[in-house]
Amino acid sequence: MNLYNQIYKRKSFHHFKNTIPLSETDLKLINNILNNVFPLDNTIKFKIKLVKESETSCNLGAEYCILFYSEKTDFYLENIGYIGEQIDLYLTLNNIGTLWCGLGKTKTSSLDGLDYVIMICIAKVPETAFRNDLSLFKRKNIAETWNGDLLPFSETIILAPSAVNSQPWYTKKLNNELFVYRNNKAAKFGIIPLKIMKYYNQIDMGIYLYLLEVCFKHHNYSFIRILFKNYTKVKSSKILTAKYSFIDNNKL
């Protein structure tokens, strides 16, 4: 399914208003989505659990929360971001609003030996509650996040969501390849410590990679992806996360 247009529609609902109770059909749809996600790295163990918002510390007016659990290994945070953003766009397609809730707490800190990572709060809302005006997006200038020739989706991918809108990605186009980096010098936001921001920013990179691939597929770009996992001791200001090599050079 082509989810490209949902990039423009999706919105972070920091508080849910005028919600519509999820029907049994809606819940079946949600569970079907959760059971059919595909990971960024299929070697990483993860689990997803749907619970009532009342079973978490969140109090945003959501009806349910989607909890993500994972083994802690290289790239597990990016993997959860990649999986979660798939769910985000599919729910948006079906008029179910979402919010990545990084500070939310859950009663179950582990599930089948896997550690809790993050949650997404959800509730069904009227379609008019979603974004319909691109001017409502507050994002960095494209020159701050993209280097090299622009591609047809360069203006679209900057709409990717991130923790406190930190937008930690930097993409460099060189010939028929894209190099995707994470800013390793996360800015402090309010009372959130830098260590926590780096945690969220790794999840953000998974979100960004998934949306990049949605853009690739929408514009019929065939690609090969290579992930760079061994970054834990790198002290560079930008950490190479992934490289995409395009197969059809005629499109570049």
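Structure report, in brief. Quick caveat, the model's predicted, so the values are computed rather than measured.

Right, let's talk about the nonpolar core for a bit. Nonpolar side chains in soluble globular proteins generally cluster together in the buried interior. Of all hydrophobic cores here, the largest spans 56 residues; its most connected members are Ile87, Phe153 and Leu212. Of all the secondary-structure elements, those providing two or more residues to this core are helix H2 (24-34), strand S2 (64-70), helix H3 (76-93), strand S3 (96-101), strand S5 (114-124), strand S8 (177-183), helix H6 (194-218) and strand S10 (238-246). Sorting elements by how many residues they give to this core places H6 first, with 11 residues. Contact partners of leucine 212, with chain neighbours within four places excluded, come to Phe153, Ile157, Val180 and Tyr244.

Time to look at H3. Counted at 1.5 Å a residue, the expected span for H3 with its 18 residues is 26 Å, and the 26 Å between its end C-alpha atoms agrees. Across the 18 residues of H3, 16 count as buried, placing the element largely inside the fold. Downstream of H3 by one or two residues, asparagine 95 has phi in the positive range, about 60°.

All right, on to the environment of serine 162 then. Secondary-structure assignment places serine 162 in the loop between helix H5 (154-157) and strand S7 (169-174). A C-alpha to C-alpha distance of 26 Å links serine 162 and phenylalanine 246, two positions 84 residues apart in sequence. The contacts of serine 162, once residues within four sequence positions are left out, are Gln167, Pro168, Trp169 and Asp204.

Next up on the list: the sheet that holds S7. Strand order in the open sheet made by the 5 strands is S6-S7-S8-S10-S9, with mixed pairing throughout. Only two strands of the sheet have a single partner each, and these edge strands are strand S6 (146-147) and strand S9 (223-227). Two elements, S6 and S7, share 2 bridges in a ladder whose sense is parallel. Within the sheet, the bridge partner assigned to asparagine 147 lies in S7 and is lysine 172. Strands in contact with H6 are S6, S7, S8, S9 and S10; relative to S8, the strand with the most contacts, it is inclined by about 160°.

Rules behind the numbers
Residues numbered from 1 in each chain as written. Predicted model: local features only at pLDDT ≥ 70, side-chain atom pairs only at ≥ 80, totals over all residues. Heavy atoms only, no water. Core = buried A, V, L, I, M, F, W, Y, C linked by side-chain atoms within 4.5 Å. Buried < 20%, exposed > 50% of the residue type's maximum accessible area, 1.4 Å probe, protein only. Helix = DSSP H or I, 4+ residues; strand = E, 2+ residues; numbered from the N terminus. Contact = heavy atoms within 4.5 Å. Expected span 1.5 Å × (residues − 1). Pairing = 2+ DSSP bridges. Axes fitted to C-alpha atoms, helices over the stretch in contact; angles between N-to-C directions.

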